[in-house]
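# Survey of secondary and tertiary structure
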Amino acid sequence: MKKLWNGFKIAFSMYSRIPMPESRWNEENQTYAMAFFPWVGAVVGGVFLGVWQLREWALVRGVLESDLFWSGALVLVPFLITGGIHMDGFMDTRDALSACAPRERRLEILKDPHTGAFAVISCGLYLMAMLGLYGTLHWRTAAVTAAGFVLSRILSGLSVVTFPKAKKEGTVAALAEAAGNRAVRRTLVVYLLFLGAGMGILGGMTGMAALLCAGICFARYYWMSRNYFGGITGDLAGYFLQMCELWIAAGAVAMDVVLKVF
C-alpha cells in the first residue's frame, strides 16, 4: 500500500503542478508511478469539462459571449495543471526532427537547453490548431476530447514500459526500470480497454474516430522514435502526448462534421 501511495505522489509531483506531500524519489517508490500517470489526465479532463460547462452556462446567460475567450481558456487548462512539461518535450523534439542530422546529433539537440526557431514555430502552430478545434466543441466532442487527456497518458505510459529506449540513463529509463513488473503494464492495458470501450459506447462514431487517430499517432510515434532516435526519451514521450491530444480532438471534430454533413 505504501508503494502505491508513493507512486501516486511521484506521478502527480512529476507530471502536474498539484501540490503533493514530499516523497523520496528512489526506485522502490517509483515502481507504480506510471500506473498513476493517467490519473493526472483524469484531473485535466475533469477540469476541461468543467470549464466547457462553465462556458455553456455563461453563454446561456449572455455573459462573456466570446468563443475566442472560452477556446483560449480551454487551451490553457492542461498547461496550467501540468506546468507545460509535455510541451517542453514537444518543442525539443520538433527542433531535433527539423535537423537534417545523424541520430547522435538529434539526441544532442534533445538535450540542448536552448530553444530553436522550429520549436517556437511548431508551438505557435500547435496552439493555433488547438484554439480552432476547441472553438467547435459541443457536448459529445468535448467529452471525447476530455477523455483524450487520459488516453494520451495511458499510451505514453505504455510506451515508457514497452518501447526500446534511446538511452540507458534518464527519466524514462529510470521509470521503465522501476516499473519493470507486469502489474504496471497490465494496469495500463486495463485502463486502455475500459477507456476505449467507454469512448466507443458513449462517444459513438466520434469516439471511435478519436480512438483510431490515437492508434495511428501511437504507431507513428513508435516508428519515428525507432528510426530517428533509436528509441524513446522523455522528450519524445512528451511530444507524443501533445500530438496524441491534438489528433484526438481533430478526429472527434472531423467525424462530427462528417456526421452532420451526411
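Preceding this paragraph is the structure being described.
Per chain, residue numbering runs from 1 following the sequence as it is written. Per-residue local features of the predicted model are confined to residues with pLDDT of at least 70, and side-chain atom pairs are confined, for both listing and counting, to 80 or more; whole-chain, interface and lining totals are unaffected and use all residues. The side-chain numbers reported here are obtained from all heavy atoms of the structure, hydrogens and water having been left aside.

## Regarding the overall build of the protein
The test is simple: The helix and strand labels rest on DSSP assignments: H or I over at least four residues marks a helix, E over at least two residues marks a strand, and numbering proceeds from the N terminus. Note on exposure labels: buried denotes an accessible area under 20% of the residue type's maximum, exposed denotes more than 50%, and partly exposed covers the range between, all computed with a 1.4 Å probe on protein chains only. Between two residues, a contact is recorded if the distance between any of their heavy atoms is within 4.5 Å. Accessible areas in this description were obtained via Shrake-Rupley with a 1.4 Å probe; residue shielding takes into account the shown protein chains only. The charge count treats Lys and Arg as positive and Asp and Glu as negative. His and the chain ends do not count. Throughout, a charge is located at the NZ atom of Lys, the CZ atom of Arg, the CG atom of Asp or the CD atom of Glu.
Helix and strand counts for the protein come out as 10 helices and 0 strands. Counting helices and strands in the order they occur from the N terminus, the protein gives α-α-α-α-α-α-α-α-α-α. A principal-axis box enclosing the C-alpha atoms of the protein has dimensions of 55 × 50 × 35 Å. Burial statistics for the protein: of 262 residues in total, 50% are counted as buried. Look at the contacts in the protein between residues 6 or more apart in sequence, and 76% of them connect residues 24 or more apart. Carbon together with sulfur atoms contributes 65% to the accessible area of the protein, which is approximately 12,900 Å² in total. Averaging the locations of the 23 positively and 17 negatively charged side chains of the protein gives two centres separated by 7 Å.

## So, the packing of aromatic side chains
Heads up, the condition is: Only Phe, Tyr and Trp rings take part, Trp by its six-membered ring, and two of them pair if their centres are within 6.5 Å. Stacked means planes under 30 degrees apart, edge-to-face means over 60, and tilted covers everything else.
For the structure shown, the criterion picks out 19 aromatic pairs. Relative to F12, the ring of F8 lies with its centre 4.7 Å away and its plane at 40°, an arrangement referred to as tilted. With F8 and F12 both in helix α1 (residues 2-15) and 4 residues apart, this pair spans about one turn of that helix. An identical accessibility class is assigned to F8 and F12; each is buried. Through a chain of ring-to-ring contacts, the aromatic side chains of W5, F8, F12, F36 and W39 assemble into a single cluster.

## Section: the environment of C217
Summarising the element assignment, C217 is placed in helix α9 (residues 182-229). Look at C217 and you get buried, because its relative accessible area is 11%.

## Notes on the pattern of salt bridges
Pairs may arise between side chains of opposite charge once their charged atoms sit close together. This is how the line gets drawn: Counted as salt bridges are all cases of a side-chain nitrogen of Lys or Arg within 4 Å of a carboxyl oxygen of Asp or Glu.
Under the defined criterion, the tally for this structure stands at 5 salt bridges. A salt bridge links D67 to R55; the nearest nitrogen and oxygen atoms lie 3.4 Å apart. Here D67 is found in helix α3 (residues 67-82), whereas its partner R55 is found in helix α2 (residues 33-60), with 12 residues between them in sequence. For R55, a relative accessible area of 11% translates into the label buried. Shared partners join several salt bridges into a network, and the residues in it are R55, E56 and D67.

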